[in-house]
Amino acid sequence: MSDSVRVAVRVDGVVQGVGFRPFVQTLAGRFGLAGHVGNDAAGVFAEIEGGRQAVADFLVAMREQAPRLAVVERVSAREITRLGETGFRIVPSLPGDGARTLVSADSATCEDCLRELRDPGDRRFRYPFVNCTNCGPRFTIVESVPYDRPSTTMAPFPMCEDCAREYHDPADRRFHAQPVCCPACGPTLRLLGAAGEPISSTVDMLRAGQVVAVKGLGGYHLAVDATNEAAARRLRSRKHREDKPFAVMVPDLAAAAALCEVDALAERLLTDRRRPIVLLPRRPGADVADSVAPGNRRLGVMLPFTPLHHLLLAGISRPIVLTSGNVSDEPIAYRDDEVRARLGRIADAFLVHDRAIHIRTDDSVVRPFRARRQLMRRSRGFVPEPVRGEFPRHILACGAELKNTFCLAKDRRAFLSHHIGDLENYETLRSFTEGIEHFQRLFDVHPALVAHDLHPEYLSTKYALERDGVELAGVQHHHAHIASCLADNGEDGPVLGVAFDGLGYGTDGTIWGGEFLLAGRAEFTRVGHLAPVPMPGGTAAIKQPWRMAAAYLDAACGARVPGLDVVRRNESRWTSVVSLAHRSVNAPPTSSAGRLFDAAAAILGTRDVITYEGQAAIELEQLADPAEHGTYPATIVGTPLTIAGTDLVLSIVDDLRAGVPVPVIAGRFHNGVAAAIARACAVLRERTGVATVALSGGVFQNLLLLERAVAKLERAGFRVLTHSRVPANDGGISLGQAVVAAARDR
């Protein structure tokens, strides 16, 4: 019996436009195999012939050594009749429905292109749009499928002879790289609002403390010298961004390590081809202006992800602020015809080019946690890579109101959108609706089932209800959080889901947010929650955390509220706000964990009024002493379990009156919340027999709380699921909605 074998191979995933066919050809040559490889509507097909062991090794290498931008979801192989073929070739693509193929995410400039960028003898020397099969723009320039140059915003730039030769040569790393270009045929750079060579003049302006709008892959950024306090303050004032930290771009790892603590995991995150913003511990005395990240122990740091950024950083030789090009709460500007109108009062000049951005995409934000990446915002570099699942029908999930994303799903893939933002103005809503239309065309999804949040006033819910000819599926907000965590970890449940966030519409019509759910993908039961307290003023209590302090102090202490600073600071309004809570007038009850953190923050003096979502809780975490291991107790009673947040507040008051340092109190509060989570889950394990816990919701972006909660749960014998591929905050809600709708649909 011959040891020779021929197999038909099918490769699914992001395997087109990423150099996969030349890779397969080279790999076959290395293993001495014959056959062919080509593209079709579903991905890559191949036939491989040779020794049985060589073929087996080839299939393993195909999965493990794929090109930089490839995402191999599945490799399947079946034996077919041997042909005795010699040699290996790339065959023409087969016709079919191109909308079944996947589009690669945008990727940072590769080392080969950087060498060309820096080589005075190369024809692409200092060309700010150098790219190849392994890097460059992808998703943000794609207008339609199949993915080829006429379907991208590179269509207006016909290739010169040299670029065309590279494009058609299977041995060249620019083989079928759709954005391939050079100074002779590609986009050009201009500086509007100032004279001189664009890059050097931009560097001069940044050094002089001016604000420059820079066109990136997914939109415009606003840049200033990160070491210049006056420039950072000026940017804050013009952008109307009072306190929220800015991201900082540095030229290389050494510069990042000078500002932050960079361990092996942080290094991998910083140098990942996606080039996200990475939240890292800030070094004492880091050379950045105080106004870049005021009062924050962490910095959001990223490395350059386009050739243009590399050229700017090499010129200025210092870190720069690179923040989204928008006025606070608006989506990032990306259209050339509107950018001067939107950013004209912020930027002193505009560094622009003539390659259009088809779809806006903010920077992604990640942080290291327990030896893996956690996503805070999933956008550039990650989108549109799909999340695996089972979706019998085509589904649209519309997401939440804040940190909105949408999700389109079919067959075995869920396409979670880029970060849209808060659906509070026309620009963001337009981005939401246009994004859905673009994804439907790009991935050939025709929703028959539309999932939405239960909150009737969410604009995303209203959009779902206005869709014609579809079946609707309302999904409870916190169930969607837990379903998102299940999908993130490839689990079905049941789990004890702990969903802690700011607010979500409950099935009883009240505002939930500190929830313990017995949950699977299809269904859930509410088995516990934080004891509700009034939210005096309704949404005003979200923007004014002192109102939650009033509600919690009144519930905990009643008429015996001690003379705390928070009471004195708000004395003129305190009595009327407490009266609202007593009379239940514009004071809906809430079990929200986010509002409990707000109350603690206001009582401890960190923040009475916020300027961005979650600010009080974020600053409370920054205040807490991470070395403190004391814990405040909280009473847990009843069925469903009720956790008394007022107990934690009473302990805060007692320690304040005893003169305990505020950072110690903040640390004990965090430990108390973590301990209450672990104790509640232990009781629920006894009742349900379930020993796996899933943690989700925006409150678990608090790294101190997350670390303490996971540690306590693991010590108690639980298996703990946390997020890594999608955000724990509302940016992951749409995926959870799609997963729940699909599970119910079976």
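The paragraphs below set out a description of the structure included in this document. (Residues numbered from 1 in each chain as written. Predicted model: local features only at pLDDT ≥ 70, side-chain atom pairs only at ≥ 80, totals over all residues. Heavy atoms only, no water.)

### Considerations on helix α9 (residues 307-316)
In terms of burial, α9 is largely enclosed, as eight of its ten residues are buried. Buried residues of α9: Pro307, Leu308, His309, His310, Leu311, Leu312, Leu313 and Ile316, and no others. Ser317 sits one or two residues past α9 and shows a positive phi near 55°. (Buried < 20%, exposed > 50% of the residue type's maximum accessible area, 1.4 Å probe, protein only. Helix = DSSP H or I, 4+ residues; strand = E, 2+ residues; numbered from the N terminus.)

### A look at unusual backbone geometry
The phi angle of most residues is negative, glycine excepted, and most peptide bonds adopt the trans form. Residue Pro384 is bonded to the preceding Val383 through a cis peptide linkage, with omega at 15°. Here Pro384 shows up in the loop between β15 (372-377) and β16 (387-397). Here Arg126, not a glycine, exhibits a phi torsion of approximately 55°, which is positive. Positionally, Arg126 belongs in the loop between α3 (111-118) and α4 (161-167).

### Notes on the pattern of salt bridges
For the coordinates displayed, the defined rule picks out 49 salt bridges. Between Glu166 and Arg123 there is a salt bridge, with the nearest N and O atoms lying 3.2 Å from each other. Linking Glu166 in helix α4 with Arg123 in the loop between α3 and α4, this pair joins segments that are 43 residues apart in sequence. A relative accessible area of 14% places Glu166 in the buried class. Of the charged contacts in the structure, one is a salt bridge between Asp243 and Arg607, with a shortest N-O distance of 3.8 Å. With Asp243 in the loop between α6 (229-239) and β9 (247-249) and Arg607 in the loop between α18 (593-603) and α19 (615-623), this pair connects stretches of sequence that are 364 residues apart. Residues participating in the shared-partner salt-bridge network are Glu330, Arg335, Glu338, Arg342, Arg360, Glu427, Arg430 and Glu434. (Salt bridge = Lys/Arg side-chain N within 4 Å of Asp/Glu carboxyl O.)

### With respect to the packing of helix α21 (residues 662-688) against helix α22 (residues 703-715)
Across the interface, α21 lies against α22 with an axial gap of 8 Å and an inter-helix angle of 35°. Judged by the sense of rotation from one axis to the other, the crossing of α21 with α22 is right-handed. In this structure, α21 contributes His670, Asn671, Val673, Ala674, Ala675, Ile677, Ala678 and Cys681 to the contact, and α22 contributes Leu704, Leu705, Arg708, Ala709, Lys712 and Leu713. Along the lines of polarity and charge, the residues of the contact of α21 with α22 split into ten nonpolar, two polar and two charged. (Axes fitted to C-alpha atoms, helices over the stretch in contact; angles between N-to-C directions. Left-handed = near helix turned anticlockwise from the far one by under 90°. Contact = heavy atoms within 4.5 Å. Nonpolar A, V, L, I, M, F, W, Y, C, P; charged D, E, K, R; others polar.)

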